[in-house]
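Coordinate inspection notes
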2 protein chains.
Amino acid sequence: MNEETREAVMAATHRALCTHGFADLTTQRIADEWEKSKAALHYHYDTKEELLRTFLDHLLAKFESRLACESADPRVRLDAFVDAVFAPVEADDDSREFAVALLEIKAQAPYSETYRDRLAALDERMRETVAGAVRDGIEAGHFGDADPDDVARFVVTAINGAHVREVALDESPSEARRLIEGYLDDALGRDPATEVPA
Amino acid sequence: MNEETREAVMAATHRALCTHGFADLTTQRIADEWEKSKAALHYHYDTKEELLRTFLDHLLAKFESRLACESADPRVRLDAFVDAVFAPVEADDDSREFAVALLEIKAQAPYSETYRDRLAALDERMRETVAGAVRDGIEAGHFGDADPDDVARFVVTAINGAHVREVALDESPSEARRLIEGYLDDALGRDPATEVPA
DNA sequence: GCGTGCTTACTAACCAGTCAGTCAAGTGGC
DNA sequence: GCCACTTGACTGACTGGTTAGTAAGCACGC
């Protein structure tokens, strides 16, 4: 399949999912967003399930690509992670749309091992990103003593919660972000006023 | 309607929702769980939407009833809150089933103002429960200085996250609970070893 | 002329909701 | 005590609309 076509179908699926929700997500609605026929969709994807599985992969890959940060300074890496988790994916779509789609998928996880496995992999990668930065930061003397795995698990749990609130309560994630950053400052013995050297 | 009937329909809806998920929740499946006909369901509830609205009320009321704690000691109240949030609703159903149903509802919130409003009310009550206990605890000299609203928001956000992880990753909430309790000990300057007098 | 990408038109299954009618448990008149 | 009637709870069969997926055919670049 054409890469351009694939991207257009994924974007259409995303829009249709956010507009109608998982329960009312039909191939017709995805096709409408794509501005092609329903049969054209079945030409590229045999079943709706296959299309949605592909979409999940696409969504998670897009999210994970944001988490990568190559900086050697663990303080920069940690800040970049929080930034990535709360920032919109692209300039044109807001972070809420993304969180809505992801929560829809998460709510389906109990009924699909595939979904569950992929979400578990994402979660582990998120926790490892945080734990790694914390570990390196402690080693380098930037942070005070703390259990990297515990800090990582707590931060990732709080991020999960922040995303739920953003979707279910239509709340801006900025408050949650501030609190998570405050927690990190406390737990790692960072002075919030101290600037990290660029 | 008979109270017994109502309770049976609510329980059937809960089972059907947890078994099939919101997307595949049909009146037929609820009727099957109830072991009555689909038409009988429409006899009691005009529309599927009305039934689900009633179910949401039932689910939230059940949850909120657990949050009430009358103790005068804010430390006891705070512990009871964390207990209530993580404990199974009843002896016969586990906390996961409940969290699954609640997450399904939360994922529908963007498409229903009714759902969103009720979830917002629950969230506010949860935050006020924590903030009140923290405020009283600081005043009574049990806790160190902290912003009660910030602590409450962060704790409730983390609880939201813990519930998502329980559902989406099929993870036991015990780790998350331990971390939340640890955060409270830190933020409120509590000694984890100190026993609260009964 | 042949494959790729697509369309219109279709099908079988399934959906929420309706309807006519059943059945048991009252209720009131006599 | 018994009959006529009402009421509440329910069923099975149905309807109109919607769904995922299919079939047959068309345009068009190579």
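Please refer to the structure higher up on the page.
What counts, and at which threshold
- Residues numbered from 1 in each chain as written.
- Chains lettered and ligands numbered in written order.
- Predicted model: local features only at pLDDT ≥ 70, side-chain atom pairs only at ≥ 80, totals over all residues.
- Heavy atoms only, no water.
- Phe/Tyr/Trp six-rings, centres within 6.5 Å; stacked < 30°, edge-to-face > 60°.
- Helix = DSSP H or I, 4+ residues; strand = E, 2+ residues; numbered from the N terminus.
- Buried < 20%, exposed > 50% of the residue type's maximum accessible area, 1.4 Å probe, protein only.
- Contact = heavy atoms within 4.5 Å.
- Buried area = accessible area lost by both parts, 1.4 Å probe.
- Salt bridge = Lys/Arg side-chain N within 4 Å of Asp/Glu carboxyl O.
- Nonpolar A, V, L, I, M, F, W, Y, C, P; charged D, E, K, R; others polar.
- Near = heavy atom within 4 Å.
- Polar contact = N/O pair within 3.5 Å; in protein donor to acceptor, adjacent residues only side chain to side chain.
- Least-squares fit on C-alpha atoms with pLDDT ≥ 70 in both.

1. A look at the packing of aromatic side chains
Going through the model one piece at a time under the given rule, you end up with eight aromatic pairs over all chains. Both rings, one in F154(A) and one in Y183(A), keep their centres 4.9 Å apart while their planes meet at 80°; by these two values the pair is edge-to-face. With F154(A) in helix α8 (residues 148–168) and Y183(A) in helix α9 (residues 174–187), this residue pair connects regions lying 29 residues apart in the sequence. Judged by relative accessible area, which is 14%, Y183(A) ranks as buried. Judged by centre distance (6.1 Å) and plane angle (65°), the ring pair of Y183(A) and Y183(B) falls under edge-to-face.

2. Digging into the interface of chain B and chain A
The interface of chain B with chain A comprises 43 residues on the first partner and 43 residues on the second. Both faces combined, the contact of chain B with chain A buries some 3400 Å², and carbon together with sulfur accounts for 65% of it. Scanning the region where chain B abuts chain A turns up eight salt bridges. Ionic pairing is found between R178(B) and D150(A), a salt bridge with its closest N-O pair at 3.0 Å. No other element matches the 13 residues that helix α8 (residues 148–168) of chain B contributes to the side of chain B that touches chain A. Of the residues contributing to the side of chain B that touches chain A, the split by class is 23 nonpolar, seven polar and 13 charged.

3. Here we look at the protein's contact with DNA strand C
Not every one of the 14 residues close to DNA strand C is listed here, only the nearest: S37(A), H44(A), T27(B), K38(B) and K48(B). Counting only the atoms of DNA strand C within 4 Å of the protein, the fraction contributed by sugar and phosphate is 53%. Y43(A) is positioned with one of its side-chain polar atoms (N or O) 3.3 Å from a phosphate oxygen of DNA strand C. Separating a phosphate oxygen of DNA strand C from a side-chain N or O atom of H44(A) is a distance of 2.5 Å. Of all the secondary-structure elements, those providing two or more residues to the surface near DNA strand C are α3 (38–44) of chain A together with α3 (38–44) of chain B. Of the residues forming the surface near DNA strand C, the biggest block, four residues, is contributed by α3(A). Along the lines of polarity and charge, the residues of the surface near DNA strand C split into five nonpolar, six polar and three charged.

4. A word on the relation of the copies chain B and chain A
With an RMSD of 0.1 Å, the operation that places chain B on chain A is a rotation of 180° combined with a shift of 0.0 Å along the axis. Expressed as a symmetry operation, the mapping of one chain copy onto the other fits a two-fold axis. In this assembly, 100% of the residues forming the interface of chain B have copies in chain A that are likewise at the interface, indicating an isologous arrangement.

5. Examining the pattern of salt bridges
Under the counting rule described, the total for this entry stands at 38 salt bridges over all chains. Residues E128(B) and R135(B) are paired through a salt bridge, measuring 2.8 Å at the closest nitrogen-oxygen approach. Judged by its relative accessible area of 33%, R135(B) falls in the partly exposed class. We note a salt bridge from E175(B) to R178(B), for which the minimum N-O separation is 3.2 Å. Pair noted here: E175(B) and R178(B) are both in helix α9 (residues 174–187), with a separation of three residues, about one helical turn. By relative accessible area, E175(B) is classed as partly exposed at 29%. With a relative accessible area of 38%, R178(B) lands in the partly exposed category. A cluster of three or more residues bridged by salt bridges with shared partners is formed by D123(A), R127(A), D150(A), R153(A), R165(B), E171(B), E175(B) and R178(B).

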